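# Topology and contacts: notes
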Amino acid sequence: MATFIASGGRVWRKFVKTFPLGSNLSLKRSPTSALANGRLSSTSSENVLVSKDEKSGIATVRMNNPPVNSLNTALLLSLRSCFEELEKDKSCRALILTSNKPKVFCAGLDILELYQKSPDYVGQFWEKVQDMWLSLYGSRLVTMAAINGHSPAGGCLLSLACDYRIMAEGNFVIGLNETQLDLVAPFWLRQMMVDAIGYRQAEMALMVGALYPSNKALQLGLVDKLVPIEDVQTVAEEEVKNWLKIPDQARAITKMASRKPLLDELRKRKQEDIQTFRDETTRESVQLSIQQYLDKLKAKK
Ligand SMILES: CC/C=C\C/C=C\CCCC/C=C/C(=O)SCCNC(=O)CCNC(=O)[C@H](O)C(C)(C)COP(=O)(O)OP(=O)(O)OC[C@H]1O[C@@H](n2cnc3c(N)ncnc32)[C@H](O)[C@@H]1OP(=O)(O)O
């Protein structure tokens, strides 16, 4: 269903569409954004909320998968559908990725999707991670991560796939802590880390599974800007507007020229990557580490 809502001088396109596994993509107003002046409607089952300002062509994509936006199958499918939908939309020029729940941007992969599952299940799950990443990292749009909270592992993956990262100041962490769970970040994730912070720092960070507080992340170049949490969205919108002063075509071609080798490499090695993931995550010792990690998370309370 698609309708157009005119409000406050801007035209809002609103539609609710059902995606596989019952996840929804809806284009609607975001409650805190300066771009937001459309009508707000919401249902608790929606795991991705999207608002798009038709005039500027800037869409805000809010992950809405309580309590911590862990990337389960449904959220991965919704994110991919959403990125592809916006990619096809000729009037869309930029995408801001953020969390609907401040303080946690994304807790990474849903660990329960990796625990006590069959090799086929985890293989299919990993393919959804790959496909979501291919659509975000390979996007023609300006992509901006508005990291309004913690962003470990898969959260860092999402952030690194964007063109620019703005993070909330304060006691929030970001990084690739995979080795702490006895997991190994795949080559395409490691490469993004190297591209962001350089070989030596990335090598150390990946080996020890480092999670950095936001000020250290800024110092390393893992994020590009730090702002108070309440300003993350507004600053992201301002930053996007600066990027949009550059002609879209030249910017997008330049982006693709630098990202195509890694995109092509994963496309070529997709099955091999899935096989490695299947073998690694279903290994008994890894399952034990995942179980211990889950226990540790629960014991935190
Ligand atoms: C080819 C490659 C081959 C092999 C490679 C293999 C794997 C590579 C994978 C690489 C890519 C990415 C991997 C990952 O993302 S693994 C996930 C790592 N994530 C984490 O370590 C984060 C864990 N979470 C936290 O640290 C905190 O929850 C967080 C985000 C700081 C928020 O803290 P807080 O607000 O206090 O919330 P709680 O900790 O109380 O959590 C609330 C609730 O959510 C549960 N939970 C948290 N994180 C996850 C998660 N990632 N998955 C599932 N569930 C999670 C937590 O247990 C609580 O549950 P409860 O029932 O107790 O309420």
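The protein chain goes by Enoyl-CoA delta isomerase 1, mitochondrial in an unreviewed UniProt entry, where it is assigned to Branchiostoma floridae. The annotation that UniProt attaches to the protein chain under Sequence similarities (unreviewed entry) is "Belongs to the enoyl-CoA hydratase/isomerase family."

Of note, the bond from Pro 66 into Pro 67 is cis; its omega dihedral lies within 30 degrees of zero at 5°. Located in the positive-phi region is Asp 182, a residue other than glycine, with phi close to 70°. By the secondary structure assignment, Asp 182 is in the loop between strand 11 (173-175) and helix 4 (187-197).

Attention now moves to the environment of Thr 143. With respect to the helices and strands, the residue Thr 143 is situated in strand 8 (residues 142-147). A tally of 25 C-beta atoms within 10 Å means that Thr 143 is categorised as buried. Sequence-wise, Thr 143 and Val 240 are 97 residues apart; in three dimensions their C-alpha atoms are separated by 8.2 Å. For Thr 143, the residues in contact, after removing those within four places along its chain, are Leu 95, Leu 97, Leu 136, Cys 162 and Asp 163.

All right, on to the site of the ligand then. The full set close to the ligand counts 31 residues, and Ala 107, Gly 108, Leu 109, Ala 153 and Gly 154 are the nearest of them. For the shell around the ligand, the elements supplying multiple residues, two or more each, are strand 9 (149-152), helix 3 (154-161), helix 8 (248-282) and helix 9 (284-299). A per-element tally of the shell around the ligand places helix 8 first, with five residues. Split into classes, the residues belonging to the shell around the ligand amount to 18 nonpolar, seven polar and six charged.

All right, on to helix 8 then. Relative to the 51 Å expected for 35 residues at 1.5 Å per residue, helix 8 spans just 44 Å between its end C-alpha atoms, considerably shorter than the ideal helical length. Along helix 8, the sharpest change in direction is near 70° and occurs at Arg 269. The set of residues buried in helix 8 consists of Leu 266, Ile 274, Phe 277, Arg 278 and Thr 281.

This next bit is on helix 5 (residues 199-208). Regarding helix 5, the residues found buried are Ala 202, Ala 205 and Leu 206. The arc enclosing the buried residues of helix 5, seen along the axis, measures out at 95°, which places them on a common side. Projecting away from the buried face of helix 5 at angles above 90 degrees are the exposed residues Arg 200, Met 204 and Met 207. Against strand 11 and helix 4 lie the buried residues of helix 5. Among the residues trailing helix 5, Gly 209 stands out with phi positive, at a value near 60°.

With that out of the way, let us pick up the sheet that holds strand 11. Pairing is mixed across the open sheet formed by four strands, whose spatial order is 7-9-11-12. Unpaired on one side and paired on the other, strand 7 (103-104) and strand 12 (211-213) mark the two borders of the sheet. Summarising the sheet, strand 7 and strand 9 pair through two bridges and their orientation is parallel. Each residue of the ladder has a partner; that of Val 104, found in strand 9, is His 150. Packing of helix 3 onto the sheet brings it into contact with strand 9 and strand 11, and relative to strand 9 it is tilted by some 95°.

What follows covers the pairing of strand 9. As paired elements, strand 9 and strand 11 share two bridges and run parallel to each other. Within strand 11, the position partnered with Pro 152 by the bridge is Gly 175.

Conventions we followed
- Residues numbered from 1 in each chain as written.
- Predicted model: local features only at pLDDT ≥ 70, side-chain atom pairs only at ≥ 80, totals over all residues.
- UniProt positions renumbered as here; feature names shortened; annotations may be inferred.
- Helix = DSSP H or I, 4+ residues; strand = E, 2+ residues; numbered from the N terminus.
- Buried ≥ 20, exposed ≤ 12 C-beta atoms within 10 Å, placed from the backbone.
- Contact = placed C-beta atoms within 7 Å.
- Near = placed C-beta within 6 Å.
- Nonpolar A, V, L, I, M, F, W, Y, C, P; charged D, E, K, R; others polar.
- Expected span 1.5 Å × (residues − 1).
- Bend = angle between axes of the 7 residues up to and from the residue.
- Arc of directions from axis to C-beta.
- Pairing = 2+ DSSP bridges.
- Axes fitted to C-alpha atoms, helices over the stretch in contact; angles between N-to-C directions.

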